[in-house]
Amino acid sequence: MDLGLESSLWVGNKRYRAVLTGWHFKWTEVDKKNRDKKTVLVPVAEVAGVEEGRVEILPQKSVEDTDKDFTVFYVKRSSGGGSYGLLWRLGRIQFSCASRVLRDQWTKHLRAALKTHSPLRPHRLLVFINPFGGKKKGRQIYHSLVAPLFELAGISSHVIVTERANQARDHLLKKDLTGFDGVVCVGGDGMFSELLHGLIGRTQQEAGLCENDPAVALQPCPLHIGIIPAGSTDCVCFATVGVVDPVTSALHIIIGDSQPLDVCSVHDVSAQVRYSVSLLGYGFYGDVLAESEKHRWMGPLRYDYSGAVVYLSNRSYSGIVQYLPADPLLSSPRDKTRCLAGCSVCSRSTERLFPHSSDSGSLYSSHFSQFSTDSEGEWVSVEGRFRCVSLTCMSSSCARSPLGLSPSAHLADGTGDLILVWDTHPLGFLKFLYRHTSTQDQFDLPFVEVHRVKAVRFSVPSGREEQEYEEIGGFSSEIDEGQRECVDTVSRNGSQQHLAQRAMTSERKAATPFLCGLCCKKSPSVSVWNCDGEILPFTKIVCKIHGQLVRLYARGIEDGAAIRNSEERDECQRICILNSLK
Ligand SMILES: CCCCCCCCCCCCC/C=C/[C@@H](O)[C@H](COP(=O)(O)O)NC(=O)CCCCC
Ligand SMILES: Nc1ncnc2c1ncn2[C@@H]1O[C@H](COP(=O)(O)OP(=O)(O)O)[C@@H](O)[C@H]1O
Ligand SMILES: [Ca+2]
C-alpha cells in the first residue's frame, strides 16, 4: 500500500495542507491567498494514536462521533525538562475533512504508516506497580497519568500491584509470559532491578544457559522493559530518557522506542549472580545504601541524610581491584563526549557485539579463576585503600548528579567505567563528590582514576575478610537487640517486618561489620557492595559486562539544549527526526 497522501484539511475555520509522506506527517496552514503559514512536522514514528471523530482524553476519554473528523495524537516536546533531556507531552489536533471517504482514507493511511515505521509498538504489556517506592505514589501515577495514554494507544495492560519484594522478579521467572510485548515497572531502580533479574534469568533458563557461569555469553532478552519513574533515585530512567517524568516515559513506551542497554553480571565464588546497569559501588556508595535502609521512612531524602552521615564517618577500605581494559581506540571515559539519542559509538558497537555470522560465542574461554584470554587483552591489577570503587555501565545520571557518575559512559557499547577513588583527606573526597553536582570534571583529581573496562574482579586482601568474618561471628552471638535491629534493616529485598525473626543470613553477615560500625562507632574494615540499590551478600566478586543484553522502551537522552536553541519549531522536529532515523 502506498502510504503517501495529501489533501486539504480544516482545523476550525483554518485551512491546512496536510501531507503524509510515509516517514512524516505535516500540516501547513494556508491563508486565503494560498500562501503557506506555519508548518508542524511530526515523524510518523511519533504519532501516538489516530482516532475517528473529535476525541478528548482529559479529564476522561470522550468522543464526538462526527463522520468527517479525525483526531491525531502525537509527541510534542516541551521545554520544561531542565538543561538535559526533553519532556514529552501528548499533542492533539482535530481535523475536519471534505468527506467521510477522505476521512477514512486519512485514518487508514496514518495507521498503516504507524505499523510500518514503528514495528515495536507494544500491544500487550505486563505492568508491575510498587506501591511503596519513592513517595508511595506509584498507583496514583499509573492510574491517573499512564493508563489513559495506554488506553488511547490501544495497549492492553495486565497490572499487578506488588505485595512483597521480589514478586515481580519471581513472576517473570516462573509465570506464563506468552502474548506480552513488554514488561513495565512503576517504581524506582530497585523495581527495575527486579524486572532485569527476572527477564535475564528467564531468558537464560529458556536458552538452557547457566547464568551463574561468568564464562557464558548470555542471551539477549526478547521482551522490552518500560520504566514509569516512581522511585527515589530513578537513575535508570534519568540516564536513558533524560528526564524523570511518567508521561514522557509512557509516550516512549507507546511509540515502541527501543534502547539497548549493557548489563554487568556480578558473580561470587559460590556461583550466585546479580545484575547491575547503573551503580555497582563498594565503600562510600555501599555504606550510604546500608545506612539509608534504616531511614526508609524519610523517602528519597534518606540518601541525602545517609550520604552526610557516611561522609562524616570518613571511611576508606582496602581492596584488590583487577580489570580488563576495553579497546582504547573505540572510546574513552575522559573523551568529553556524551551518549545521546542516536549515539554513533553505541551504533558501531551493535555491529561489533552482534556480527552477522557469529554465534556470539563465549567471550571468555575459561571459568571464574582463569577469566582471561590472550585475545581479550591483559588484566591490570591495583591494590590499596579506596574511598570507593564504582563500576557503571552507563553515565548513571540522576537528579543528584545531572551528568552522572561517569558523564561520557555509553548505554550500549559493551563496556563499563571503573572509577577508583583512592583514600584521600576528607576535603578532597568532598570535592570529588561535589563535582558530581556540577559540570566540573570529577576525574580531574590526583586521587581519582577512571578506566573503560570489559570485566572487573574485586577482593579484600587476604587476612582482612577472614578477620572480619571472625568478628562477625563474635558479634552474631553477642549483639543486643538494638544492634540486631540495625543489622536487620539492611536487606531491602526482604520484607522488613519479618527480618527480626530470621536467622543470620550470609547477606546480613556481609553487612554486619559496616552496620555495627555505625551503631557501635566501631570502624569496619570491610564495606558492602551497592548493586543498583541492593546490598550484595558477598564482597569478593567477578564482573563481566554483557553488551546490549536488554532493551528498554527509550531512545537515550535527546539533546535538549540543541533542540531548544534551534530557532524554528521545524528545526526542532527535524533534529528529532534525524535522531530517530539514526
Ligand atoms: C556534596 C554533594 C554530594 C553529592 C554526591 C552525588 C553523587 C551521586 C551519584 C548518584 C549515582 C546514583 C546511581 C544509582 C543508584 C541507584 O541504583 C540506587 C537505588 O535507587 P532507588 O531504587 O531509586 O532507591 N541509589 C543509590 O544507591 C543512592 C546513592 C546516593 C548517593 C548519595
Ligand atoms: N510490595 C512491596 N513491598 C515491599 N517491598 C517491595 C514491594 N514491591 C517491591 N518492593 C521492593 O522495594 C524496593 C524499592 O523499590 P523501588 O521501587 O526501587 O523504590 P525506591 O526507589 O524508593 O527504592 C525494591 O528493591 C523492590 O524489590
Ligand atoms: Ca556501557
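Residues numbered from 1 in each chain as written. Chains lettered and ligands numbered in written order. Predicted model: local features only at pLDDT ≥ 70, side-chain atom pairs only at ≥ 80, totals over all residues. Heavy atoms only, no water.

The name an unreviewed UniProt entry gives the chain is DAGKc domain-containing protein, with Amphiprion ocellaris as the organism.

A look at the overall build of the chain
Counted only if it meets this: Strands are runs of DSSP state E lasting at least two residues, helices are runs of H or I lasting at least four, and both sets are numbered from the N terminus onward. Classification of residues uses two cut-offs on accessible area relative to the type maximum, computed with a 1.4 Å probe and protein chains only: under 20% is buried, over 50% is exposed, and between them is partly exposed. Whether two residues are in contact is decided by their heavy atoms, any of which lying within 4.5 Å being enough. All accessible areas in this document rest on Shrake-Rupley with a 1.4 Å probe, and a residue is counted as covered only by the protein chains that are shown.
Along its length, the chain carries 16 helices and 23 strands. Sorting the 582 residues of the chain into buried and exposed places 58% on the buried side. Expressed as a percentage of contacts within the chain between residues at least 6 apart in sequence, the contacts between residues at least 24 apart total 74%. Per element, the accessible surface of the chain, about 24,300 Å² overall, is 52% carbon and sulfur.

Digging into the site of ligand 2
Here is the rule: By convention in these notes, a residue is near a molecule or strand provided one of its non-hydrogen atoms lies within 4 Å of it. Any N or O atom pair separated by 3.5 Å or less is treated as a polar contact, with the protein-specific requirement of one donor-capable and one acceptor-capable atom, and with residues adjacent in sequence counted only for side-chain atom pairs. Gly falls in the polar group here, along with every residue not listed as nonpolar (Ala, Val, Leu, Ile, Met, Phe, Trp, Tyr, Cys, Pro) or charged (Asp, Glu, Lys, Arg).
The local shell around ligand 2 holds 21 residues, among which G134, G188, G190, E194 and S232 are the closest. At a separation of 2.8 Å, an oxygen atom of ligand 2 approaches a polar backbone atom of G188. Contact with the protein chains removes 91% of the 570 Å² of surface that ligand 2 exposes when unbound. A class-by-class count of the residues in the shell around ligand 2 yields three nonpolar, 11 polar and seven charged.

Regarding unusual backbone geometry
In this model, K136 sits at a positive phi of 65°, which is unusual for a non-glycine residue. Among the secondary structure elements, K136 is positioned in the loop between β10 (124-129) and α2 (138-152). When its relative accessible area of 53% is taken as the criterion, K136 is described as exposed. Of note, the phi angle at Q548 is positive, near 55°, even though the residue is not glycine. Tracing the backbone through its elements, the reader meets Q548 in strand β23 (residues 541-552).

Concerning the UniProt feature "domain: DAGKc" (unreviewed entry) in the chain
Our working rule: UniProt positions are given in the numbering used here, feature names are shortened, and annotations may be inferred rather than shown by experiment.
Per the UniProt record, "domain: DAGKc" (unreviewed entry) is annotated on residues 120-270. Taken as a whole, residues 120-270 contains 38% helix and 22% strand, while its terminal C-alpha atoms sit 39 Å from one another.

Examining the coordination of the calcium ion (ligand 3)
Put simply, the rule is: Only N, O and S atoms count as donors, using a 2.8 Å limit from the metal and a wider 3.2 Å limit for Na, K and Ca, and since water is excluded some coordination spheres may look unfilled.
Only D262 (OD), C393 (O), H410 (O), D413 (OD) and T415 (O) from the protein reach the calcium ion (ligand 3) as donors, at distances of 2.3 to 2.5 Å. One chain supplies every donor to the calcium ion (ligand 3), and in sequence these donors are spaced D-x130-C-x16-H-x2-D-x1-T. Of the residues examined, T415 reaches a relative accessible area of 9% and is grouped as buried.

Concerning the packing of helix α7 (residues 284-292) against helix α8 (residues 302-313)
Applicable threshold: All axes are obtained by fitting lines to C-alpha atoms, using only the stretch in contact for helices, and the reported angles, taken between N-to-C directions, cover 0 to 180 degrees. The scheme is simple: roughly parallel for angles under 35 degrees, roughly antiparallel for over 145, roughly perpendicular for 65 to 115, oblique for anything else. With the far helix as reference, a near helix turned anticlockwise by less than a right angle produces a left-handed crossing, and one turned clockwise produces a right-handed crossing.
For the pair α7 and α8, interaxial distance at closest approach is 8 Å and the crossing angle is 125°. Considered as vectors, α7 and α8 are oriented oblique to each other. Remark: the crossing between α7 and α8 carries right-handed chirality. In this structure, α7 uses F284, D287, V288, L289, E291 and S292 to contact α8, whose residues at the interface are R302, Y303, Y305, S306, G307, V309, V310 and Y311.

Section: the nonpolar core
We apply this condition: Think of a nonpolar core as a cluster: buried Ala, Val, Leu, Ile, Met, Phe, Trp, Tyr and Cys residues, connected wherever their side-chain atoms sit within 4.5 Å.
Residues F128, F192, I200 and L261 are the most contacted members of the largest nonpolar core, which totals 43 residues. At six residues, the largest contribution of residues to this core is made by helix α4 (residues 189-207). Contacts of F128, omitting those with residues within four sequence positions, involve I160, T162, A168, H171, L172, V183, V184, C185, V186, M191 and L195. By size, the runner-up hydrophobic cluster in this structure holds 27 residues, among which are F73, A250, I253 and I254.

Some details on the packing of aromatic side chains
What counts is decided by this rule: Between the rings of Phe, Tyr and Trp (Trp by its six-membered ring), a pair exists once the centres lie within 6.5 Å; its type follows the angle of the planes, with under 30 degrees stacked, over 60 edge-to-face, and the other angles tilted. Note on geometry: a ring has a charge over it if NZ (lysine) or CZ (arginine) is within 6 Å of the ring centre and within 35 degrees of the ring normal.
Evaluation of the coordinates by the stated rule reveals 17 aromatic pairs. When the centroid spacing of 5.6 Å and the interplanar angle of 85° are considered together, the rings of W27 and F95 count as edge-to-face. Of the two residues, W27 is situated in strand β3 (residues 24-30) and F95 in strand β9 (residues 87-96); the sequence distance between them amounts to 68 residues. When sorted by exposure, W27 lands in the same class as F95, which is buried. Relative to F429, the ring of F284 lies with its centre 5.3 Å away and its plane at 80°, an arrangement referred to as edge-to-face. Taken together, the residues span a long stretch of sequence, with F284 in helix α7 and F429 in helix α10 (residues 426-435) at a distance of 145 residues. Per residue, the accessibility class of F284 equals that of F429, and both read buried. Among the aromatic residues, ring-to-ring pairing joins F25, W27, F70, Y74, F95 and W106 into one connected group. A cation over an aromatic ring shows up here: R302 above the ring of Y303, its NZ or CZ 4.4 Å from the ring centre. Across from the ring centre of W379, 4.2 Å away, lies the NZ or CZ of R457, which sits over that ring.

Section: α7
For α7, the tally of buried residues reaches nine of nine residues, placing the bulk of the element in the interior. Those residues of α7 lying buried are F284, Y285, G286, D287, V288, L289, A290, E291 and S292.

Things to note about the pattern of salt bridges
This is how the line gets drawn: In the sections that follow, a salt bridge refers to a side-chain nitrogen of Lys or Arg positioned within 4 Å of a carboxyl oxygen of Asp or Glu.
Here the structure, examined in full by the defined rule, presents 27 salt bridges. Two residues, E6 and R17, come together in a salt bridge whose shortest N-O distance is 3.8 Å. Highlighted residues: E6 in strand β1 (residues 5-11) and R17 in strand β2 (residues 14-20), separated in sequence by 11 residues. Between K37 and E29 there is a salt bridge; the shortest N-O distance is 3.6 Å. Among the residues examined, E29 registers a relative accessible area of 13% and is labelled buried.

Comments concerning the packing of helix α3 (residues 167-174) against α4
Look at α3 against α4: their axes get within 8 Å of each other, and the N-to-C directions meet at 15°. Relative to α4, α3 is oriented roughly parallel. Both α3 and α4 take part in a crossing whose hand is right-handed. Here Q167, A168, R169, H171, L172, L173 and K174 of α3 come into contact with α4, specifically with M191, E194, L195, H197, G198, L199, G201, R202 and Q205. Tallied by class, residues from the contact of α3 with α4 come to six nonpolar, six polar and four charged.

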